[in-house]
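Structure at a glance
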Amino acid sequence: ESFYQSTWYILYFICSNNTELANAFVANGGVAFLLEYLEAFSSNQSLLIPCFAVYNAVIESLDKNESVAFIEMILGKLVDVVELNLETKDGYFYQHYCAALARSFGPGCEVSNSLLKRMVVHVCHGIFKHKNDEDAQHIGRRLLHHLAGEEIAKKVIDRAEMLHCVDEECAACA
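Not measured: the values here are computed from a predicted model. (Residues numbered from 1 in each chain as written. Predicted model: local features only at pLDDT ≥ 70, side-chain atom pairs only at ≥ 80, totals over all residues. Heavy atoms only, no water.)

1. Description of the nonpolar core
Phe52, Tyr55, Phe70, Leu75, Leu101, Met119 and Leu144 are the most contacted members of the largest nonpolar core, which has 51 residues in total. Secondary structure elements with two or more residues in this core: α1 (2-15), α2 (19-40), α3 (45-61), α4 (64-84), α5 (91-103), α6 (113-129), α7 (134-148) and α8 (150-163). The element contributing the most residues to this core is α3, with 10 residues. (Core = buried A, V, L, I, M, F, W, Y, C linked by side-chain atoms within 4.5 Å. Buried < 20%, exposed > 50% of the residue type's maximum accessible area, 1.4 Å probe, protein only. Helix = DSSP H or I, 4+ residues; strand = E, 2+ residues; numbered from the N terminus.)

2. Re α2
With 22 residues, α2 should cover 32 Å at 1.5 Å per step; its first-to-last C-alpha distance of 27 Å lies more than 12% under that length. When we look at burial in α2, the residues that qualify are Ala22, Phe25, Gly30, Val31, Leu34, Tyr37 and Leu38. In this structure, the buried side of α2 is in contact with α1, α3 and α4. Its side-chain oxygen 3.2 Å from the backbone nitrogen of Glu20, Asn18 forms the N-cap of α2. (Expected span 1.5 Å × (residues − 1). Contact = heavy atoms within 4.5 Å. Polar contact = N/O pair within 3.5 Å; in protein donor to acceptor, adjacent residues only side chain to side chain.)

3. Comments concerning the packing of aromatic side chains
Here the structure, examined in full by the defined rule, presents 10 aromatic pairs. Between Phe52 and Phe93, the ring centres sit 5.5 Å apart and the planes meet at 45°, which makes this aromatic pair tilted. Residue Phe52 is located in helix α3, and its partner Phe93 is located in helix α5; the two are separated by 41 residues in the primary sequence. A single burial state applies to Phe52 and to Phe93, both of which are buried. Both rings, one in Phe52 and one in Tyr97, keep their centres 6.4 Å apart while their planes meet at 50°; by these two values the pair is tilted. Taken as a pair, Phe52 in helix α3 and Tyr97 in helix α5 lie far apart in primary sequence, 45 residues in all. Across the pair, exposure class does not vary: Phe52 and Tyr97 are buried alike. Three or more aromatic residues link up through ring pairs in this structure, and these residues are Phe3, Tyr4, Trp8, Phe33, Tyr37 and Phe41. (Phe/Tyr/Trp six-rings, centres within 6.5 Å; stacked < 30°, edge-to-face > 60°.)

4. Quick word on the packing of α2 against α3
Helices that pack against each other are described as a pair by the angle of their axes relative to one another and the distance between those axes. The N-to-C vectors of α2 and α3 enclose an angle of 145°; their axes lie 10 Å apart at closest approach. Crossing of α2 against α3: the hand is left-handed. Residues Thr19, Ala22, Phe25, Val26, Leu34, Tyr37 and Leu38 of α2 lie in contact with α3, whose contacting residues are Leu47, Leu48, Cys51, Phe52, Val54, Val58 and Ser61. Taken together, the residues that form the contact of α2 with α3 break down as 12 nonpolar, two polar and no charged. (Axes fitted to C-alpha atoms, helices over the stretch in contact; angles between N-to-C directions. Left-handed = near helix turned anticlockwise from the far one by under 90°. Nonpolar A, V, L, I, M, F, W, Y, C, P; charged D, E, K, R; others polar.)

5. Side note on the environment of Glu66
Here Glu66 is to be found in helix α4. Overall, Glu66 belongs to the partly exposed group, its relative accessible area being 35%. C-alpha of Glu66 to C-alpha of Asn23: the two residues are 43 residues apart in sequence and 8.5 Å apart in space.

6. Side note on the packing of α3 against α5
At a minimum axis separation of 9 Å, α3 and α5 run at an interaxial angle of 20°. Comparing the axis directions of α3 and α5 gives the class roughly parallel. Crossing angle aside, the handedness with which α3 passes α5 is left-handed. On the side of α3, the interface is formed by Gln45, Leu48, Ile49, Phe52, Tyr55, Asn56, Ile59 and Glu60, while α5 contributes Tyr92, Phe93, His96, Tyr97, Ala99, Ala100 and Arg103. Across the contact of α3 with α5, the residue classes tally to 10 nonpolar, three polar and two charged. (Parallel < 35°, antiparallel > 145°, perpendicular 65-115°, else oblique.)

7. Some words on the pattern of salt bridges
Applying the stated rule across the entire model yields four salt bridges. Between Lys77 and Glu39 there is a salt bridge, with its nearest N and O atoms 2.4 Å apart. One end of the pair, Lys77, is in helix α4; the other, Glu39, is in helix α2, with 38 residues separating them in the sequence. The exposure class of Glu39 is partly exposed, given its relative accessible area of 48%. Taking the shortest distance from any N to any O, the salt bridge between Glu83 and Arg118 comes out at 2.9 Å. One end of the pair, Glu83, is in helix α4; the other, Arg118, is in helix α6, with 35 residues separating them in the sequence. (Salt bridge = Lys/Arg side-chain N within 4 Å of Asp/Glu carboxyl O.)

In structure tokens:
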């Protein structure tokens, strides 16, 4: 396990703030590598966190058009993986997932309504699951505002806190 973590952190440092190396990572099979890794280690949260870090580093290092293309290839699998960990994820994992999602949304990036709904479900689930974790609350609520808009996010959170609705109902509100 430590080998994989070390490998991902090395990739993170290589791709971080380096457009040329981030492009090289993508051009030399980085997308396929990320997808295979997400599939192979989909239930190992400690191995997924450094993978999220590489995802973020590549997004931040690529230019806008390349970044959008990269996100469109990876985002669905990222959401699938988190769905598998929905009940078991801890606050630390949740924060890293939210950070990866937050970096995925910029100008030009379009997401299907079904994928957006799934993301809102995950974010709502984390907000309520980690209600005593201040950092998880902060990042989850900010991301929900970003995904659904401030007015809708407030309604979703207020309604869920009052009615203790389930995640799917929260997503339906959004």
